[in-house]
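# Residue-level structure breakdown
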Amino acid sequence: RKLRRSRSQAHPGRPPLPPGPAPLPFLGNVLGVNKDAPHLTYTAWSKTYGDIVYTRMLGQDIILLNSERVAVELLEKRSQKYSDRPVFAAADLFDYEWPSSSARYGPRFRLHRRLLHQVFHAKAALDYRERQLQRAYELLTRLLDDPARYAAHFTTFSASVVMGVTYGYDMKGGDTFVTSMQRASDIFLGIATPEIFALCIAFPFVKALPAWFPGMGWKSKAAECRRLVSDGLNTPYAWVKRRVEQGDTTPSMVADAIIRHRLEDDSNNPELVQAIKESAGTLYAASVETTHATLLVFVYLMMNHPEVQCRAQAEIDRVVAHQRLPDFEDRASLPYIDAVLRETMRSHPVTPIGVPHATTEDDVYEGCYIPQGATIIPNICRAMSHDEEKYPNPEVFMPERFLREDGTLNEDKVPYMFGFGRRLCPGRHVGDASLWSAMVCILTLFRIEKTEGSDNVKWSTGLARHPLPFPCRFIPRDEEMDCQKLASLIYASRIAL
Ligand code: HEM
């Protein structure tokens, strides 16, 4: 209350900022936030200050949206003002301004979105389903062969789906296409910490200091990051272009764009070529982490809820009768599996605070002033996914909450999990199909059980939240299942496709 008063006194005639905790000079409220699980702090603040909260961190205005209603009102209904991204002060040093996910709202953003939409809209995403199912069958083979490395297999599954969809590339293991981008992203996320961010905001001259200057050692890593980014963007594009020239017709986002826009010669439209490289390069990081994280949450939940596994497996067995693996034609006959998928996403959102938006203009909402350039954070976890009115007993894992009395699925597809408005996740249809195919295949073949150490699960911190790999057992439901029998099952399933 104090904060609201003092700020409106500083700007007479302007509505007050939304209520929020009183900040310290410069640092603002940064010290009061739970570093490992910021959504918990934001949720605690929402109990005191309401659905819309103002806070200030490291000189930045931040608005927290603590209900789905307010997030839809602002990020969707007023999306022309709420679709920018916050500027990351040091991104230029790492050449990390290119990803579509951090593109500022404007012509470049619109071009990226158009390219992504052309290949990932609901109908276009159907073209990738067979490939996704094949990758899910390969995942089963790996899980049967080496179950202890299930988390690594999830990464391979997620990466091979996205590399196929983006470049038409079949991964072989140790692929340099993938390692350049992965390494660049690791360097960027590892070094570009809030401290460096704060340093660059408070003392912009730091950006001009050389790498040998004391305390500036991280800058040589930034140079390596720039080299890897250039490699990760250019090499796979050149590879697809060569294949298109040779008459290869494998469908992929990049091949489709090269053919559609007649880009035989890069110099015809260098801006478009760069946008294709950048939007394609974004997909790896945007999809692998989220898909892999959701599958880890799924295993964690199945291990702790054998009764849910049993019901899901009974449903699958009724449909495929142990003769083959399920495919997308079966999806409508497997409502409980979809309920498990939705409840997995709801109960432990892997992006608990989404991806922040930013405002391009001042706004006034419900009598509160929202400044231009403010960072807008949708508090997905708790405030939306654990809204007690919408989800009674939100802490309980209960897939049935997504089923009507007659057993059919209800209307709630947990849309907030994929963000809002003009920044809504463009890969949501592909992501949904990847998750469904992996989950239904795993449930068909395995029972997931606890083992020694299973109760000691630790969770990751950062933008994506998921359990860190923990010990558990993948037990084939058919005791005689071996590689040969699985190969026959996969063969029978391909025939049925
Ligand atoms: C599987 C689970 C996934 C989840 C939970 C998820 C979630 C999200 C969220 C919350 C955002 C931010 C939306 C916003 O700012 O309002 C986002 C953005 C994005 N996602 Fe996903 N995503 C998933 C999978 C994928 C996949 C498979 C792809 C690509 C094939 C993808 C590509 C992107 C891109 C490019 C953006 C940036 C959009 C922009 O800034 O305009 N995502 N995603």
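Residues numbered from 1 in each chain as written. Predicted model: local features only at pLDDT ≥ 70, side-chain atom pairs only at ≥ 80, totals over all residues. Heavy atoms only, no water.

The subject of this paragraph is the overall build of the protein chain. Counting its secondary structure elements, the protein chain contains 17 helices and eight strands. Out of the 497 residues belonging to the protein chain, those deemed buried represent 52%. Sequence-distant contacts in the protein chain: of pairs separated by 6 or more residues, those separated by 24 or more amount to 72%. Accessible surface, the protein chain: about 22,800 Å² in total, of which carbon and sulfur atoms supply 54%. (Helix = DSSP H or I, 4+ residues; strand = E, 2+ residues; numbered from the N terminus. Buried < 20%, exposed > 50% of the residue type's maximum accessible area, 1.4 Å probe, protein only. Contact = heavy atoms within 4.5 Å. Areas by Shrake-Rupley, 256 points an atom, 1.4 Å probe, with all protein chains shown as cover.)

Counting residues in hydrophobic clusters, the biggest one holds 114 residues, and the most contacted among them are Leu65, Phe120, Tyr150, Val299, Met302, Ile442 and Phe474. Top contributing element to this core by residue count: helix H12 (residues 270-304), with 18 residues. When sequence neighbours within four positions are dropped, the list of residues in contact with Phe474 reads Leu143, Pro147, Tyr150, Val299, Ile442, Phe446, Arg447 and Ile448. (Core = buried A, V, L, I, M, F, W, Y, C linked by side-chain atoms within 4.5 Å.)

Perfect tetrahedral coordination of a metal by four donors corresponds to 109.5 degrees between them, and perfect octahedral coordination by six donors corresponds to 90 or 180 degrees. A lone protein donor binds the iron atom of the ligand: Cys425 (SG), at 2.3 Å. Among the secondary structure elements, Cys425 is positioned in the loop between helix H15 (380-384) and helix H16 (428-445). (Donors = N, O, S within 2.8 Å, 3.2 Å for Na, K, Ca; no water.)

What follows deals with the sheet that holds strand E3 (residues 357-358). Sheet strands line up and pair through hydrogen bonds in the backbone, either parallel or antiparallel. Strand order in the open sheet formed by four strands is E1-E2-E6-E3, and the pairing between neighbours is mixed. On the outer flanks of this sheet lie strand E1 (52-57) and E3, each paired with one strand and no other. Across four bridges, the pairing between strand E2 (residues 60-65) and strand E6 (residues 375-378) is parallel. Looking across to E6, one finds that Ile62 is bridged to Thr375. Running at roughly 125 degrees to E1, helix H2 (residues 38-49) makes contact with E1, E2 and E6 of the sheet. Helix H3 (residues 68-76) contacts E1, E2, E3 and E6 of the sheet and is inclined by roughly 130 degrees relative to E2. (Pairing = 2+ DSSP bridges. Axes fitted to C-alpha atoms, helices over the stretch in contact; angles between N-to-C directions.)

What follows concerns the site of the ligand. Around the ligand, a shell composed of 25 residues is seen, among which Arg85, Arg113, His357, Phe420 and Cys425 lie nearest. Here Arg423 contributes a side-chain N or O atom positioned 3.1 Å from an oxygen atom of the ligand. Elements supplying a minimum of two residues to the shell around the ligand: helix H4 (107-120), H12 and H16. Looking at which element gives the most residues to the shell around the ligand, the answer is H12, with six residues. For the shell around the ligand, a count of residues per class yields 11 nonpolar, 11 polar and three charged. (Near = heavy atom within 4 Å. Polar contact = N/O pair within 3.5 Å; in protein donor to acceptor, adjacent residues only side chain to side chain. Nonpolar A, V, L, I, M, F, W, Y, C, P; charged D, E, K, R; others polar.)

What the rule picks out here adds up to 29 salt bridges. The partner of Glu411 in a salt bridge is Arg404, and the shortest N-O contact between them spans 3.0 Å. A relative accessible area of 68% places Glu411 in the exposed class. Classification of Arg404 as partly exposed rests on a relative accessible area of 37%. With a shortest N-O distance of 4.0 Å, Glu449 and Arg473 are connected by a salt bridge. Of this pair, Glu449 sits in strand E7 (residues 446-449) while Arg473 is found in strand E8 (residues 473-476), placing the two residues 24 residues apart along the sequence. Judged by its relative accessible area of 27%, Glu449 falls in the partly exposed class. Classification of Arg473 as partly exposed rests on a relative accessible area of 42%. (Salt bridge = Lys/Arg side-chain N within 4 Å of Asp/Glu carboxyl O.)

Once that is clear, we can look at the environment of Val87. Looking at the element boundaries, Val87 is found in the loop between H3 and H4. The exposed category is assigned to Val87, whose relative accessible area is 52%. Once the C-alpha coordinates of Val87 and Gly373 are considered, the two residues, 286 residues apart in sequence, prove to be 9.2 Å apart.

What follows deals with unusual backbone geometry. Phi at Ala321 is positive, roughly 50 degrees, even though this residue is not glycine. Inspection of the secondary structure puts Ala321 in the loop between helix H13 (306-320) and helix H14 (335-347). Overall, Ala321 belongs to the partly exposed group, its relative accessible area being 40%. One non-glycine residue, Asn393, adopts positive backbone phi at about 50 degrees.

In this section: the packing of H14 against H16. The N-to-C vectors of H14 and H16 enclose an angle of 115 degrees; their axes lie 10 Å apart at closest approach. Crossing angle aside, the handedness with which H14 passes H16 is right-handed. Packed against H14, whose contacting residues are Ile337, Asp338, Leu341, Thr344 and Met345, the element H16 presents Asp432, Leu435, Trp436, Met439, Val440 and Leu443 at the interface. Each residue belonging to the contact of H14 with H16 can be placed in one class, and the counts come to eight nonpolar, one polar and two charged. (Left-handed = near helix turned anticlockwise from the far one by under 90°.)

Here the focus is the packing of aromatic side chains. The full count for this structure, using the stated rule, is 12 aromatic pairs. Centroid distance Tyr150 to Phe474: 5.4 Å. Interplanar angle 45 degrees. Geometry classified as tilted. One end of the pair, Tyr150, is in helix H7 (residues 150-167); the other, Phe474, is in strand E8, with 324 residues separating them in the sequence. Relative accessible area serves as the criterion here: at 3%, Tyr150 is assigned to the buried category. (Phe/Tyr/Trp six-rings, centres within 6.5 Å; stacked < 30°, edge-to-face > 60°.)

Moving on, we get to H12. Spanning 35 residues, H12 covers 52 Å between terminal C-alpha atoms, matching the ideal 51 Å at 1.5 Å per step. Burial analysis of H12 places 26 of its 35 residues in the buried class, which makes it a mostly covered element. (Expected span 1.5 Å × (residues − 1).)

End to end, H4 covers 20 Å across 14 residues, agreeing with the expected 20 Å (1.5 Å per residue, within 8%). Residues of H4 that are buried: Phe109, Leu111, His112, Leu115, Leu116, Val119 and Phe120. Projection of H4 onto a plane perpendicular to its axis shows the buried side chains occupying an angular sector of 165 degrees, all on one side. Facing away from the buried side of H4 by over 90 degrees, the exposed positions are Pro107 and His117. (Arc of directions from axis to C-beta.)

Let us look at the environment of Glu452. Mapped onto the elements, Glu452 comes out in the loop between E7 and E8. Glu452 sits in the exposed class, given a relative accessible area of 75%. In this structure, the C-alpha to C-alpha distance between Glu452 and Phe397, residues 55 residues apart in sequence, is 23 Å.

So, about the confidence of the model for the protein chain. Taken residue by residue, the protein chain gives an average pLDDT of 88. The fraction at 70 or more is 87%. Of the regions scoring below 50 in pLDDT, residues 1-6 engages in 10 contacts with residues more than four places distant in sequence or in other chains. Interface confidence for the predicted complex, expressed as ipTM, amounts to 0.99; the pTM equals 0.91. (pLDDT = per-residue confidence, 0-100.)

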